[in-house]
Structure formats: C-alpha cells, structure tokens
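Fold and geometry: a report
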Amino acid sequence: MKISILGAGAWGTALAVQAAQSAAGHRVLLWARDAQAAATMAATRRNTHYLPEAELPAALALTSDLAAAVAHGDDAGQGLIIVATPMAALRALLAQLPDGARVLWLCKGFEAGSGLLGHEIAREVQPRLRVGILSGPSFAQEVAAGQPTALVAASEDEALAQAAVQAFHGERLRVYTSADPVGVEVGGAVKNVLAIAVGTADGLRLRAEAAGDVANAPGLNARAALITRGLAEMLRLGLSLGARAETFMGLSGIGDLVLTATGDLSRNRRVGLLLAEGKPLAQILAELGHVAEGVYSAPTVLARARERGVDMPITEAVVAVLDGRLSAVAAIDRLMGRQARAEH
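Calculation criteria
- Residues numbered from 1 in each chain as written.
- Predicted model: local features only at pLDDT ≥ 70, side-chain atom pairs only at ≥ 80, totals over all residues.
- Heavy atoms only, no water.
- Helix = DSSP H or I, 4+ residues; strand = E, 2+ residues; numbered from the N terminus.
- Rg over C-alpha atoms; globule rule 2.2 N^0.38 Å.
- Areas by Shrake-Rupley, 256 points an atom, 1.4 Å probe, with all protein chains shown as cover.
- Lys, Arg positive; Asp, Glu negative; His and termini not counted.
- Charge placed at Lys NZ, Arg CZ, Asp CG, Glu CD.
- Pairing = 2+ DSSP bridges.
- Axes fitted to C-alpha atoms, helices over the stretch in contact; angles between N-to-C directions.
- Polar contact = N/O pair within 3.5 Å; in protein donor to acceptor, adjacent residues only side chain to side chain.
- Buried < 20%, exposed > 50% of the residue type's maximum accessible area, 1.4 Å probe, protein only.

**Regarding the overall build of the chain**
- Helix and strand counts for the chain come out as 15 helices and 10 strands.
- A compact globule built from 344 residues would reach a C-alpha radius of gyration of about 20 Å, and the chain, at 20 Å, matches this within 12%.
- Across its three principal directions, the C-alpha atoms of the chain cover 60 × 40 × 35 Å.
- Summed over its atoms, the accessible surface of the chain is roughly 14700 Å², and 52% of this surface lies on carbon and sulfur atoms.
- Counting 31 positive and 33 negative side-chain charges, the chain places the centres of these two groups 1 Å from one another.

Right, dumping it as structure tokens:
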C-alpha cells in the first residue's frame, strides 16, 4: 500500500517509522511542512526536534512537497493518507485532498472557533472523502521504539477501517476497528482536558509532600475520583452527540484517559503539574515546545457541552484555571464542595 503521512511531528514520525518497517512492504512517504527539516531528516535519518531517539528506516521517504505527498497517498483512491498535524491544521489539509481519497487523522480535539470534531469538519469541507480517525492510548516515543501499543481505527466506512489495519497492524502495534467515529473523537478530545485536571491535582500533592504538609492536599484518592468522574463527563457529552456508550469503555475512552492523565510523557498532564506550581499558562506553553491540545480544546469542549445541556464540572474547573479565574487549590475545593448526588 502507498501511505502518506502529512505532518512530521512526534506522532506522525512514529507512525511512519512503524509503517515503513512493516513486513507488508508498504511504500511510506512522510511530509514535513518545512523544506529544510525534511532535507535534514533525509540526510541524518533522525527527527531531531520531535523524536530524536528514533532512527528513520531507509525505506521511509521524506518530502516537503505537499502535492506529491497527496498524490502518493491517494493512489487513485487505493492508498492511505494520514493527517498527523494539530487539530488547527486539519481543515486546511482536508480541503486540499482529492475526492474519494481515503484519509485518517491522528489529531484529537474540537476545532477552535467552530467547535467541530474532525468528522464534522470533513463533512463540511470535503463531503466526498472517505474518512476516519486513528486513536487510542499511545505515546509516540513508545510506538517508534516498537513497544507494544493498541490503537483503534474508527470509521463508518468499514473498508477504510480495515485498510488502517492492513497499513499498521503488526507484532508490536495492534489495531482494532470501530464503527463509532463520534465516540472515538469525543474520547480523544475530552481526555486531554481531564489530563490537565489530574496533573493539577497531582502537582498539588507533590508540592504538599515537598513542604511536609499533606493533610489537606489531594492524593491518589483524588486522582482516582477525577479520572472516574471525568469519564462520566466524557460519556455524557459523547452520548449527547450520538456516540455509543461502549466506546468509552475501550481504547479511545478509558484507555486513552488513564494513559494521558497518569503517564509521565503526557504533555497535557505536564501542563497541570506546572499550573499547580503557580506558573502562568504562557510560560508553561513556551517551556513545553509542543502542542498540548487540551489547553486549546478545553473552552471548546465546555462550549459544546453547554450547547447540549451537558454538565461537565471538571472541564469547567479546568477552563477557569486556564483562564486565570481560579487557582489550582480553589478549583479542587470547588469540585469537592459540590452538592451530593447519585453516581449514575
């Protein structure tokens, strides 16, 4: 299969490495927006900025020519195009793809401004594309290193989901299929916001431990509560948008939430940890050097929830902290002070 991966960030690069090493002999092309970056990667066989520890296999081709990359991955509708950019670039790239192309995206979130999920953007700008999402609990570094990972390819087009299996399923990368792209996309968007909440609580605990005063600090019990009640928020929003409940019990729901909320490689969790230290958001984002989608998705997730009449108190608290209207401590106190209610 001819596969083009549009976006040479950490995740796009990691997936390109795995596909190029497949025993199936796929012809994989990785597109980088910056011509100098593409040339450097081709010469050094390293993506030194985003994934320096991974060696790029000789079979992986690189280009900065978007038209060539699109033509390669389209292959008269028989290839596969993977959009591996941040959510903010999805609309522009989809608009440049030919009718009938098979495309999956890796980005997770709601589009700022419109509040749309990926499949809604595709329906608006390119309704004749065959579309889906590849998601699940996955850190790019582990995928590139060949460590065991499981993903889910979600599309209403069953043949497209199976093409994703053909492209990426292997000994160390397992790909399941789903016919619920709405649920998979909601899970991928909301888990990033919830990871900021869990990171903030964990950061407050670490500060309290360092000061020798853990009496009133959030601990591991609070972490478990945030993950569990966060999953309930994710489920409520997903159901209101037409998702299936069982999707949130799978890889793109609870699986991705646990990884992103607790894993040390999570950028969204890192944002929460630094917020707990009292650092301003602008400084945190400058220090990260990578996109933390939860920061940009949080207000849009909340707006979409309010539009649907869905209660999402953890998400609301995260937005208030990101906006500077609440401190991390005050946000935890607000959540703990909510009126008692039935769990379900």
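**Focus: the sheet that holds strand S2 (residues 27–31)**
- Ordered in space as S5-S2-S1-S6-S7-S8-S9-S10, the eight strands form an open sheet in which the pairing is mixed. In this open sheet, the two strands that pair with only one neighbour each are strand S5 (61–63) and strand S10 (173–178). Each strand axis lies, on average, 25° off the axis of its neighbour in the sheet, ignoring direction.

**Comments concerning the environment of Thr-44**
- Along the chain, Thr-44 turns up in helix H2 (residues 35–44).
- Here the alpha-carbon distance between Thr-44 and Gln-147, two residues 103 residues apart in the chain, equals 23 Å.
- Within the structure, the side chain of Thr-44 is placed 3.3 Å from the backbone nitrogen of Arg-46, a separation counted as a polar contact.

**Observations concerning unusual backbone geometry**
- For Arg-45, which is not glycine, the phi torsion reads 60° and is therefore positive.
- Within the fold, Arg-45 resides in the loop between H2 and strand S3 (46–47).
- The phi angle at Ala-76 is positive, at roughly 55°, despite the residue not being glycine.
- In this fold, Ala-76 is placed in the loop between helix H3 (66–74) and strand S6 (80–83).
- With a relative accessible area of 74%, Ala-76 lands in the exposed category.

Geometric values such as these leave the question of function open.
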